[in-house]
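Structural features, examined
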Amino acid sequence: MMIEKSGSIRLKDIPIPSGATPEQRELAQGMVRVNHLYRSALKVAVTQMEILDEEFASLYDHSPIHHIEYRIKTLESISDKLRRRGYDVTIDNIYAYIQDVAGIRVICNYLDDIYYLRSLLTRSESFKVLREVDYIQQPKESGYRSLHLIIDVPIVISEGTLHLPVEIQLRTIAMDMWASLEHELRYKSDRNFSDSDAARLRLCSEAISEIDREMQDIYQGKEPSYHE
Ligand code: GTP
Ligand code: MG
């Protein structure tokens, strides 16, 4: 199953004020190109993940991937991120400083599936790993767990081969459940998010990590490792 979270944009979708300067118009046109190119990189990376999933399923009768979500960062959130980091909003700065314009979330069934996919990606000659952060081995302060990879994806366009970064977040169903609800609680709900809420969420994250290990053991037929 795949869930796409954004559509393609055209020049008419970008609000250009009537008194826009030539630079602003140029930026808007550049954004359409950015969107198109990163969408292409996204497609290549998603397709590659599906190929690996299908191959594994046909060989071992098990799909490592539960589902994939992907999105192109909106123009607004790209601009916010550049400004937050102290850069001007220019096309060159997007290419230079934003590595998650194209983002894929690969939700895996079991913990080992994450590292299986990682090992294939890091060994691949086509996709160089530009950056890796393992928030499973070292969860974030919030309790967030996932494996983050930035991979370099080659796309063939009329001018030749272009290389673009794509961010891949690999996580289990349980980690995804935690991340979705934590995000909702922390940023979206109207209620105040207290220190005690944060502490309880960290405990939930630990409980979930136990569950992931236990589910993995059940799947592999290992003896229970109860902690009494
Ligand atoms: P940004 O990309 O600007 O967020 O900075 P970064 O690259 O230093 O961040 P990082 O790679 O740690 O996290 C990027 C993405 O991971 C975020 O956009 C979220 O999708 C996810 N993420 C990171 N930390 C948390 C967290 O504490 N809770 C949740 N729910 N998601 C997180
Ligand atoms: Mg990031």
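Note that the structure is a prediction, hence the values are computed from the model and not measured. (Residues numbered from 1 in each chain as written. Chains lettered and ligands numbered in written order. Predicted model: local features only at pLDDT ≥ 70, side-chain atom pairs only at ≥ 80, totals over all residues. Heavy atoms only, no water.)

**Looking at the overall build of the protein chain**
Along its length, the protein chain carries 6 helices and 6 strands. On the principal axes, the C-alpha backbone points of the protein chain span a range of 70 × 50 × 25 Å. When each of the 228 residues of the protein chain is scored for burial, the buried share is 41%. Counting only contacts in the protein chain whose residues sit at least 6 apart along the sequence, the fraction spanning at least 24 positions is 64%. (Helix = DSSP H or I, 4+ residues; strand = E, 2+ residues; numbered from the N terminus. Buried < 20%, exposed > 50% of the residue type's maximum accessible area, 1.4 Å probe, protein only. Contact = heavy atoms within 4.5 Å.)

**A few points about the domain arrangement of the protein chain**
The domain architecture assigned to the protein chain consists of domain 1 (2-174) and domain 2 (182-220). Computed over C-alpha atoms only, the centres of domain 1 and domain 2 are separated by 25 Å. Contact with domain 1, which involves 10 residues of that partner, is made by 13 residues of domain 2. Note on domain 1 versus domain 2: buried area summed over both sides is about 1100 Å², and carbon and sulfur give 51% of it. For the domain 1 face of the interface with domain 2, the top three residues by lost area are Tyr110, Ser142 and Arg145, together amounting to 45%. Counting across the domain 1 and domain 2 interface gives 0 salt bridges. Inspection of the domain 1/domain 2 interface yields 7 residue pairs in polar contact (both at pLDDT 80 or more). Per-class residue counts for the side of domain 1 that touches domain 2 are 3 nonpolar, 4 polar and 3 charged. (Domains from an automatic or database assignment. Buried area = accessible area lost by both parts, 1.4 Å probe. Salt bridge = Lys/Arg side-chain N within 4 Å of Asp/Glu carboxyl O. Polar contact = N/O pair within 3.5 Å; in protein donor to acceptor, adjacent residues only side chain to side chain. Nonpolar A, V, L, I, M, F, W, Y, C, P; charged D, E, K, R; others polar.)

**As for the pattern of salt bridges**
Applying the stated criterion across every chain yields a total of 10 salt bridges. Close ionic contact of Glu159 with Arg33 constitutes a salt bridge, the shortest N to O distance being 3.1 Å. With Glu159 in the loop between strand E5 (147-157) and strand E6 (160-172) and Arg33 in helix H1 (residues 22-60), this residue pair connects regions lying 126 residues apart in the sequence. The shortest N-O distance in the salt bridge between Arg118 and Glu132 comes to 2.5 Å. Residue Arg118 is found in helix H4 (residues 111-123), and its partner Glu132 is found in strand E4 (residues 128-134); the two are separated by 14 residues along the sequence.

**Quick look at the confidence of the model for the protein chain**
For the protein chain, per-residue confidence averages 91 on the pLDDT scale, and residues scoring 70 or more make up 92% of the total. At the level of chain-chain contacts, confidence expressed as ipTM amounts to 0.93, with global pTM at 0.90. (pLDDT = per-residue confidence, 0-100.)

**Observations concerning the side chain of Thr172**
Relative to the helices and strands, Thr172 is located in strand E6. Polar side-chain contacts of Thr172 include one of 2.7 Å to the side chain of Asp212. Once you skip the residues sitting within four places of it in the chain, Thr172 turns out to touch Ile107, Cys108, Asn109, Tyr110, Leu111, Ile114 and Asp212.

**Focus on the nonpolar core**
Met49, Ile94, Ile104, Val106, Val166, Ile168 and Leu170 are the most contacted members of the largest nonpolar core, which totals 42 residues. The set of elements that each furnish at least two residues to this core consists of H1, strand E2 (65-72), helix H2 (75-84), helix H3 (91-97), strand E3 (102-108), H4, E5 and E6. Counting residues per element, this core draws most heavily on H1, which supplies 10 residues. Aside from chain neighbours lying at most four places away, what touches Ile168 is Met49, Ile104, Val106, Leu121, Leu147, His148, Leu149 and Ile151. Counting residues in each nonpolar core, the second largest holds 7 residues, with Tyr135, Trp178, Ala179 and Ile208 among its members. (Core = buried A, V, L, I, M, F, W, Y, C linked by side-chain atoms within 4.5 Å.)

**Some points on the pairing of E2**
Counting buried positions over the 8 residues of E2 gives 6, a clear majority of the element. Where E2 lies against E3, 7 bridges are found, and the strand directions are antiparallel. Across the sheet, His67 pairs through a bridge with Ile107, a residue of E3. (Pairing = 2+ DSSP bridges.)

**Things to note about the packing of aromatic side chains**
By the definition in use, this model includes 6 aromatic pairs. Ring centres of Tyr87 and Tyr97 lie 3.7 Å apart, and the angle between their planes is 5°; on these two criteria the pair is classed as stacked. Remark: Tyr97 occurs in helix H3 and Tyr87 occurs in the loop between H2 and H3; sequence separation between them is 10 residues. Relative accessible area serves as the criterion here: at 30%, Tyr87 is assigned to the partly exposed category. (Phe/Tyr/Trp six-rings, centres within 6.5 Å; stacked < 30°, edge-to-face > 60°.)

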